[in-house]
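# Tertiary structure, described
This is what each chain is made of:
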Amino acid sequence: MSATADHAEERTNPAARLGFQAGQVVQELGYDDDTDQELREGIEAITGEELVDEDFDDVADAVVLWFRDEDGDLTDALVDATTMIDPGAPVWLLTPKTGRPGYVEPSDIGDASQTAGLAQTSTFSAGRDWTASRLVTPKAAGKK
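Keep in mind the model is a prediction, meaning the values are calculated, not measured.

### What about the sheet that holds strand β1 (residues 26-29)?
Pairing is mixed in the open sheet, where five strands are placed in the order β1-β2-β3-β5-β4. Each edge of the sheet is formed by a strand with only one pairing partner; in this case those strands are β1 and β4 (119-125). Across the sheet, the mean angle separating the axes of adjacent strands is 20° when strand polarity is ignored. Taken together, the four bridges between strand β2 (residues 62-66) and strand β3 (residues 90-96) define a ladder with parallel strand orientation. Of the residues in β3, the one forming a bridge with Val64 is Trp92.

What follows is the structure, given as structure tokens:
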């Protein structure tokens, strides 16, 4: 696909920036009434698969974690999110934007990510109300 086509898709499908590919299984955690339906549908359109929930019992290619300040302990949520993905697979942490109910401080995301053994690689707007942070487990974790 050309760079121009890539940019056009990013404008028409907010999930395009998340880097999903056709056939990938994406586990969704933290779903609630406030999640961005357009983003969810965009992920499903790209992958050609429905999002799977916390009851999915196989390995997913990525996790989308919707998290709000009042949802509990972010470190615990991130550790739970990594249990069903391979090392190096992304956890997309979606948090409310500044000024929205449930906003999570960037420093809290950084601290929780580090404690959970994840590295934050990028952050950007993922819709009208949500910010996406790409977190990954180190590929070399546990290997000598």
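### Focus: the nonpolar core
Of all hydrophobic cores here, the largest spans 19 residues; its most connected members are Val63, Leu65, Phe67, Leu74, Leu78, Val91 and Leu93. Among the elements of the structure, β2, α3 (74-81), β3 and α4 (106-115) are those that each provide at least two residues to this core. In terms of residue count, α3 provides more of this core than any other element does, four residues in total. With residues up to four places along the chain from it excluded, the contact list for Leu65 reads Leu29, Ala77, Leu78, Ala81, Trp92, Leu93 and Leu94. Residues Val26, Ile46, Ala62 and Val64 belong to the second largest nonpolar core, which totals 18 residues.

Cut-off values and rules
- Residues numbered from 1 in each chain as written.
- Predicted model: local features only at pLDDT ≥ 70, side-chain atom pairs only at ≥ 80, totals over all residues.
- Heavy atoms only, no water.
- Pairing = 2+ DSSP bridges.
- Helix = DSSP H or I, 4+ residues; strand = E, 2+ residues; numbered from the N terminus.
- Axes fitted to C-alpha atoms, helices over the stretch in contact; angles between N-to-C directions.
- Core = buried A, V, L, I, M, F, W, Y, C linked by side-chain atoms within 4.5 Å.
- Buried < 20%, exposed > 50% of the residue type's maximum accessible area, 1.4 Å probe, protein only.
- Contact = heavy atoms within 4.5 Å.

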